[in-house]
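This is what each chain is made of:
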Amino acid sequence: MSCPFPYDGRMERRGSHDHAATPDPEKITTVAEARELIDAVDAQLAVLLERRAALSAAVQRLKPVGGYPGRSPGREREIVEAMSAHAPRLGPERLALIMSAVIEAGLDAAAEDRSRA
Ligand SMILES: C=C(O[C@@H]1C=C(C(=O)O)C=C[C@H]1O)C(=O)O
């Protein structure tokens, strides 16, 4: 069974693969293998989404008009543009949809926090 992650010749250990890189989907041979790799990515995603929501809550607290009324389409476009360089398979339109949901969820969590305080 070959490793679906790219071989990185620059890595210290001989024969090591870069598991932080994007795997080649053609090299994944079973559903179980793909699901195991997806679960590992999702665990990382959850940590990153939680971290991002906390940072967005900080902006909501510091911004003169925070929360939903302070939503900034220009800033959101910049975020998507910067991210799309790292996500060519998804592309800017899909990323915009994803990030809109992520941002909305962060604003919602921040509003819930404030209403509890
Ligand atoms: C965090 C901000 O407020 C809102 C939330 C954003 C986010 O979660 O990244 C981005 C823009 C705004 O819609 C901000 O203005 O930077």
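Please read these numbers as outputs of a predicted model, since none were measured by experiment.

Enquirer: Hey, could you go over the pattern of salt bridges for me, with residue numbers and the actual values?
Expert: This model, assessed by the stated rule, comprises four salt bridges. A salt bridge links arginine 71 to glutamate 104; its shortest N-O distance comes to 3.3 Å. Separated by 33 residues along the polypeptide, arginine 71 in the loop between α1 (31-62) and α2 (73-84) and glutamate 104 in helix α3 (residues 91-116) bring together distant segments of the chain. The partly exposed category is assigned to glutamate 104, whose relative accessible area is 38%. Several salt bridges share partner residues, and in doing so they unite Arg71, Glu76 and Glu104 into one network.

Enquirer: Any details on the environment of glycine 67? Residues and values, ideally.
Expert: Tracing the backbone through its elements, the reader meets glycine 67 in the loop between α1 and α2. Considered as a pair, glycine 67 and alanine 43 are 24 residues apart in the sequence and their alpha carbons are 27 Å apart. Non-local contacts of glycine 67, meaning those with residues more than four positions away in its chain, are made with Gln60, Leu107 and Arg114.

Enquirer: Now, about the site of the ligand: what can you tell me, with residues and values included?
Expert: Within the structure, the ligand sits among Arg52, Ser56, Val59, Gln60, Lys63, Arg71, Ser72, Arg75, Glu76, Ile79 and Ile103. Between an oxygen atom of the ligand and a side-chain N or O atom of lysine 63, the distance comes to 2.7 Å. Interatomic distance of 2.8 Å between a backbone N/O atom of serine 72 and an oxygen atom of the ligand. Across the complex, the protein chains shield 90% of the 360 Å² of accessible surface that the ligand would expose by itself. Judged by the fraction of its atoms near the pocket grid, the ligand is located in the largest pocket. Of all the elements in the fold, those that place two or more residues in the shell around the ligand are α1 and α2. Broken down by element, the shell around the ligand gets its largest block of residues, four residues, from α1. Looking at the shell around the ligand, its residues break down into three nonpolar, three polar and five charged.

Procedures and definitions
- Residues numbered from 1 in each chain as written.
- Predicted model: local features only at pLDDT ≥ 70, side-chain atom pairs only at ≥ 80, totals over all residues.
- Heavy atoms only, no water.
- Salt bridge = Lys/Arg side-chain N within 4 Å of Asp/Glu carboxyl O.
- Helix = DSSP H or I, 4+ residues; strand = E, 2+ residues; numbered from the N terminus.
- Buried < 20%, exposed > 50% of the residue type's maximum accessible area, 1.4 Å probe, protein only.
- Contact = heavy atoms within 4.5 Å.
- Near = heavy atom within 4 Å.
- Polar contact = N/O pair within 3.5 Å; in protein donor to acceptor, adjacent residues only side chain to side chain.
- Areas by Shrake-Rupley, 256 points an atom, 1.4 Å probe, with all protein chains shown as cover.
- 1 Å grid on protein atoms, 1.4 Å probe; cavity = no way out; pocket = protein on both sides within 12 Å on 5 of 7 lines; lining within 4 Å.
- Sits in = over half its atoms within 2 Å of the grid points.
- Nonpolar A, V, L, I, M, F, W, Y, C, P; charged D, E, K, R; others polar.

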